[in-house]
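# Secondary and tertiary structure notes
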Amino acid sequence: MKSILVSLLLLITIPCFGKSIELMVYNVENLFDIKHDEGKNDWTFLPKDAKGKKEACKKVKSSYRKKECFETDWAKDNLEVKLENIEKMVIRDDKLPNILALVEIENEAVIAQLAKLLGYKKFIVSDSPDRRGIDLALLWKEDKNLKFISKNELVVKGEYFKERPTRNILEAEFSVGKEKLTVFVNHWPSLGNPTDARIKAANTLVARTKFILKKNPKQNIVAVGDFNTIDSNHPHPFRTVLFENELFSDLHTTFKKDKSISWNIKDQMAPGSYFYGRGMTWNLLDRIFYTKGLLDSKGLDLDVSSYKIHSPRFATKTYEYRRKGKYLYGSTIKGAPFRYEHNSTSNSRAGYSDHFPLIVNLKF
């Protein structure tokens with residue numbers, strides 16, 4: 001009897017430690033290599049003396065973009081600084097995220113360089129029809145708890161995209177412990193495009209999600225990335241497509257509504273993942289969406305309390321509104337993302353990105 005009581009006491013007093021993996025999603029702001037990709041308009045992010053650059057820059061219609069094209073000297077030293085600053089944002093407490101989703105990267109070559117620097121041995125990259133050559137990447141630390149299964153790409157189709165092709169949606173399936181996890185990495189059409197372009201991207205994501213869930217209703221699915229969607233979009237891609245019939249939920253909203261999480265923690269978080277200087281407004285362009293199975297307290301689950309917009313002080317700056325003649329002139333915002341200066345070869349002055357990364361743990 002005494003031995004039974006001792007055993008019960010041990011079960012009560014010894015904490016039960018589960019396992020978890022960390023997922024980070026980060027728009028790294030124009031991570032290009034220094035070589036021209038045939039058929040892509042990547043001329044801005046090449047060395048000034050690159051063959052064909054001057055001729056290509058002359059053809060740029062926008063005066064702002066033309067000036068940027070001529071003045072940007074994206075060479076070996078610049079790229080090395082960019083990679084080192086990404087490393088500083090991604091590695092925290094000497095640890096890498098188990099899964100790292102990257103937005104606004106050019107190709108496999110530059111991701112191979114980054115993966116080597118960070119210490120990832122496994123990665124996949126999309127191959128999109130985007131004319132600038134912008135793509136997506138997933139890097140991960142494979143071990144007994146996290147194994148890669150398959151890769152897929154979803155092409156966003158429609159009449160509009162024949163003239164302005166956009167980024168594919170990168171899909172990867174993993175086994176996490178004894179469960180399956182599908183990760184979709186997104187970079188939807190920018191706000192310079194009509195809202196319908198993002199509706200098309202949302203429908204593409206939803207159609208594939210429903211197909212997967214029809215085959216396996218227990219599949220765990222997250223959709224992450226830069227969705228380029230703001231509240232004023234109408235019809236709204238989230239409310240009218242992703243959230244229909246509660247297919248997806250927004251982790252940021254879930255976090256904010258969770259009464260078990262202190263308001264002090266919530267209030268200390270950055271107001272958004274992106275700061276729009278012209279309007280002096282914060283936006284949540286970057287999101288983590290999830291399906292019901294990831295919050296059912298069975299098997300693989302999101303640890304809602306671990307969610308954060310990662311905004312270390314070194315990656316922030318005070319933004320001052322400098323457009324003369326506007327009523328906002330002279331006003332400032334502290335803690336805005338320290339945007340990247342692609343001509344810089346100084347780590348401290350180059351900046352990091354115009355976006356903050358998002359982080360969450362998945363426990364199993």
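Below is a short write-up of the structure. All residue numbers refer to position in the chain's written sequence, counted from 1. Residue-level local features of this predicted model are given only where pLDDT is at least 70; pairs of side-chain atoms are given and counted only at 80 or more, and the full residue set underlies all totals for whole chains, interfaces and linings. Side-chain numbers here rest on the full set of heavy atoms in the structure, without hydrogens or water.

## A word on the packing of aromatic side chains
Here a pair means two rings of Phe, Tyr or Trp (six-membered ring of Trp) with centres within 6.5 Å. Their orientation is stacked below 30 degrees between planes, edge-to-face above 60, and tilted elsewhere. Enumeration according to the criterion identifies 19 aromatic pairs in this entry. Between Phe45 and Trp74, the aromatic rings sit 6.3 Å apart at their centres with planes inclined by 85°, giving edge-to-face as the arrangement. Of this pair, Phe45 sits in the loop between strand S1 (20–31) and helix H2 (53–58) while Trp74 sits in the loop between helix H3 (63–71) and helix H4 (76–90), placing them 29 residues apart in sequence. Assessed through its relative accessible area of 0%, Trp74 is described here as buried. For helices the rule is a DSSP run of H or I covering at least 4 residues; for strands it is a run of E covering at least 2, with both sets numbered from the N terminus onward. Burial classification: accessible surface area is computed with a 1.4 Å probe over protein chains only, and a residue below 20% of its type maximum counts as buried, one above 50% as exposed, and the rest as partly exposed.

## Observations regarding the environment of Val222
Mapping Val222 onto the fold places it in strand S8 (residues 220–226). Classification of Val222 by relative accessible area gives buried; the value is 1%. Considering only alpha carbons, one finds Val222 and Phe243, 21 residues apart in sequence, at a separation of 13 Å. Every residue pair with non-hydrogen atoms within 4.5 Å of one another is taken to be in contact. Val222 has contacts with Leu23, Leu181, Thr182, Val183, Phe184, Phe289, Tyr290 and Leu294, leaving out every residue within four places of it along the chain.

## Side note on the environment of Lys334
In this fold, Lys334 is placed in strand S15 (residues 332–337). Judged by its relative accessible area of 71%, Lys334 is exposed. C-alpha of Lys334 to C-alpha of Tyr319: the two residues are 15 residues apart in sequence and 6.3 Å apart in space. Discounting chain neighbours no more than four positions away, the residues touching Lys334 are Trp282, Lys317 and Thr318.

## Here's the deal with the pattern of salt bridges
Any Lys or Arg side-chain nitrogen found within 4 Å of a carboxyl oxygen on Asp or Glu counts as a salt bridge. For the structure on display, the rule yields 12 salt bridges. The partner of Glu159 in a salt bridge is Lys162, and the shortest N-O contact between them spans 3.2 Å. Both residues of the pair, Glu159 and Lys162, count as exposed. Note that Lys200 is salt-bridged to Asp196, the shortest N-O span being 3.4 Å. Note that Lys200 and Asp196 are positioned in helix H7 (residues 195–215) at a spacing of four residues, about one turn of the helix. The class of Asp196 is partly exposed, set by a relative accessible area of 43%.

## As for H4
Helix length check: H4 (15 residues) gives 21 Å between terminal C-alpha atoms against 21 Å at 1.5 Å per residue, within 8%. Every buried residue of H4 is listed here: Asn78, Leu79, Val81, Lys82, Leu83, Asn85, Ile86, Met89 and Val90. The inward-facing, buried residues of H4 contact S1, strand S2 (99–105), helix H5 (108–118) and helix H11 (347–350). The span expected for a helix works out to 1.5 Å for each residue beyond the first.

## Section: the state of the cysteines
Count a disulfide wherever a pair of cysteine sulfur atoms falls within 2.5 Å. What the rule picks out here adds up to one disulfide. Residue Cys57 pairs covalently with Cys69 via a disulfide, S to S 2.0 Å. Note on the Cys57 and Cys69 pair: the S-S dihedral is about -70°, so by sign convention the disulfide is left-handed. In this pair, Cys57 is assigned in helix H2 and Cys69 in helix H3, connecting sequence segments 12 residues apart. Both residues of the pair, Cys57 and Cys69, count as buried.

## Considerations on the sheet that holds strand S9 (residues 249–250)
The pairing criterion for strands is at least two bridges between them, as found by DSSP. Pairing is mixed in the open sheet, where six strands are placed in the order S5-S6-S7-S8-S12-S9. Two strands close off the open sheet at either side, each with one partner strand: strand S5 (146–154) and S9. Pairing between strand S7 (residues 179–187) and S8: seven bridges, direction parallel. Paired with Phe184 across the strands is Ala223, a residue of S8. What counts as an axis is a line fitted to C-alpha atoms, over the stretch in contact for a helix, and the angles between N-to-C directions run from 0 to 180 degrees. Packed onto the sheet, H7 meets S5, strand S6 (169–176), S7 and S8 and runs at close to 170° relative to S7.

## Quick look at the sheet that holds strand S16 (residues 358–363)
The mixed open sheet is built from six strands, whose spatial order is S3-S4-S2-S1-S16-S13. Each edge of the open sheet is held by one strand with a lone partner, namely strand S3 (122–125) and strand S13 (301–309). Here the average twist between neighbouring strands, direction ignored, is 20°. Where S1 and S16 come together, six bridges link them in antiparallel fashion. Paired with Glu22 across the bridge in S16 is Asn361. Sheet contacts for H4: S1 and S2; angle to S1, the most-contacted strand, approximately 150°.

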